[in-house]
Amino acid sequence: MTDFNNDIIFANYRMDVRYDGQNYYGWQRHKDKPTIQGALEHAVTKCLGLRQNVEGSGRTDRGTHATGQVASIRLPEDINEKEALFSLNDVLEKNIEITSLKKISDSFHARESAIGKRYIYKIWNHPKLPSEMNEKVWYVPEKLNVNAMDKACSYFTGTKDFASFAKVPNYKRATSVRTVHSLALTQEGSLLCFSIIADGFLYKMVRNIVRAIVKVGEGRSNVDDIPGIIDAKSRKAAPGTAPASGLYLNTVFYDKKSMDDAIKTDQKKAI
């Protein structure tokens, strides 16, 4: 552990992180429970001798994953970024990896500077589940109607009140209106992937939307039912929640061009 004196000068750093969340109680620090934020802060303390907050772009739920989570943290301005990155990853468990650590403008904040996010939701639609995919997808053994699910996706794009697809959190939210820029479904063999890009997401919004679409694919509801569920603006009007195991925070966007490019890419890949 490195000892720093009280005259240390701090700078703002951007930390990019990926993780397998199956053994964690989500992102946010939670008493004695294992969390991603807690693990990162513990690594900073152990390697640098500092107690600093790691501010994520947003919370991910218990059991969900990330390939592109972003966090901001105040660290000494003169640290060697490459050495610090190596040391932190050496301390962290193997299912968490800091992929990048870079000094950045003081005006940058992982959450407040973000203009949008992309989540990926993965479904394995086959009678048998490969062992390596356990807790990394939603395993649906019965064959789904992919074409019907693809049609259902179009109803969720645009600026809408998504109250029907948001679990009521234990904190107040200003509005349940969000803009979904793109919702694309792709298929590669038995793997189905939803890619959803929006300016923001409500609590469990992605998992609730996916569950409604999969219910269409199961033949248990109709595509035409979707508008009524949205218009109801009530959680009671919508189906349940898809499992956390299939959800990945893929990208956090900080400029419009990169988000627009991602939207175009998703639309080209869609079924």
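Residues numbered from 1 in each chain as written. Predicted model: local features only at pLDDT ≥ 70, side-chain atom pairs only at ≥ 80, totals over all residues. Heavy atoms only, no water.

A.B. asks: Which residues make up the side chain of Gln37, and what values go with them?
C.D. replies: Mapped onto the elements of the fold, Gln37 is located in helix H1 (residues 36-48). Residue classification places Gln37 among the buried residues on the basis of a relative accessible area of 7%. Setting aside residues up to four positions removed in sequence, Gln37 forms contacts with Trp27, Gln28, Arg29 and Val54. (Helix = DSSP H or I, 4+ residues; strand = E, 2+ residues; numbered from the N terminus. Buried < 20%, exposed > 50% of the residue type's maximum accessible area, 1.4 Å probe, protein only. Contact = heavy atoms within 4.5 Å.)

A.B. asks: Tell me about the nonpolar core, and name the residues and values.
C.D. replies: Counting 73 residues, the largest nonpolar core has Leu40, Ile123 and Phe194 as the members making the most contacts within it. In terms of residues, this core owes the most to one element, helix H4 (residues 205-217), which gives 8 residues. Excluding residues that lie within four positions of it along the chain, Leu40 makes contacts with Met15, Val17, Trp27, Val54, Leu92, Ile96 and Ile98. By size, the runner-up hydrophobic cluster in this structure holds 6 residues, among which are Val137, Leu191, Cys193 and Tyr248. (Core = buried A, V, L, I, M, F, W, Y, C linked by side-chain atoms within 4.5 Å.)

A.B. asks: Requested: an account of the environment of Asp161, with residues and values cited.
C.D. replies: In this fold, Asp161 is placed in strand E7 (residues 158-161). In this structure the C-alpha to C-alpha distance between Asp161 and Ala212, which are 51 residues apart in sequence, comes to 16 Å. In this view, Asp161 contacts Ser176, Val177, Ile230 and Lys233; residues no more than four positions away in its chain are not counted. Polar contacts involving the side chain of Asp161 include one to the main-chain amide nitrogen of Ala163, which spans 3.0 Å. Separated by 2.5 Å, the side chains of Asp161 and Ser176 make a polar contact. (Polar contact = N/O pair within 3.5 Å; in protein donor to acceptor, adjacent residues only side chain to side chain.)

A.B. asks: Please give an account of helix H2 (residues 81-91) that cites residues and values.
C.D. replies: Taken residue by residue, H2 has Ala84, Leu85, Leu88 and Asn89 as its buried positions. Seen along its axis, H2 keeps its buried residues to an arc of 125°; they face one direction. Residues of H2 that are exposed and point more than 90 degrees away from the buried face comprise Lys82, Glu83, Phe86 and Asp90. Residues of H2 that are buried make contact with H1 and strand E4 (96-104). (Arc of directions from axis to C-beta.)

A.B. asks: Tell me about the packing of aromatic side chains, and please be specific about residues and values.
C.D. replies: The tally for this structure, following the rule as stated, stands at 5 aromatic pairs. Ring plane angle 85° and centroid distance 5.0 Å describe the contact between Tyr119 and Phe201, whose orientation is recorded as edge-to-face. Of the two residues, Tyr119 sits in strand E5 (residues 116-124) while Phe201 sits in the loop between strand E9 (191-198) and H4, which places them 82 residues apart along the sequence. Each member of the pair Tyr119 and Phe201 is classed as buried. Ring geometry for Tyr121 and Trp138: centres 6.3 Å apart, planes at 85°, overall edge-to-face. (Phe/Tyr/Trp six-rings, centres within 6.5 Å; stacked < 30°, edge-to-face > 60°.)

A.B. asks: So what about the packing of H1 against H2? Which residues, and what values?
C.D. replies: At a closest axis distance of 9 Å, the pairing of H1 and H2 adopts a crossing angle of 120°. By the criterion of interaxial angle, the relationship of H1 to H2 is oblique. As for the relative orientation of H1 and H2, their crossing is right-handed in sense. Touching Ala43, Val44, Lys46 and Cys47 of H1 are Ser87, Leu88 and Val91, all from H2. Looking at the contact of H1 with H2, its residues break down into 5 nonpolar, 1 polar and 1 charged. (Axes fitted to C-alpha atoms, helices over the stretch in contact; angles between N-to-C directions. Parallel < 35°, antiparallel > 145°, perpendicular 65-115°, else oblique. Left-handed = near helix turned anticlockwise from the far one by under 90°. Nonpolar A, V, L, I, M, F, W, Y, C, P; charged D, E, K, R; others polar.)

A.B. asks: Got a sec to walk through the pairing of E5? Specific residues and values, please.
C.D. replies: On a regular strand, one side chain projects to one face of the sheet and the next to the other, so that they alternate. Of all 9 residues in E5, 8 are buried; the element is thus mostly enclosed. In terms of strand pairing, E5 meets strand E10 (residues 247-253) through 6 bridges, oriented antiparallel. Residue pairing in the sheet places Arg118 in a bridge with Thr251 of E10. Bridge analysis of E5 against E9 gives 8 bridges, and the strand direction is antiparallel. Residue Lys122 lies in a different strand from E9, and its bridge partner there is Cys193. Where E5 meets strand E6 (residues 138-139), 2 bridges bridge the pair, whose relative direction is parallel. Residue Trp124 lies in a different strand from E6, and its bridge partner there is Tyr139. (Pairing = 2+ DSSP bridges.)

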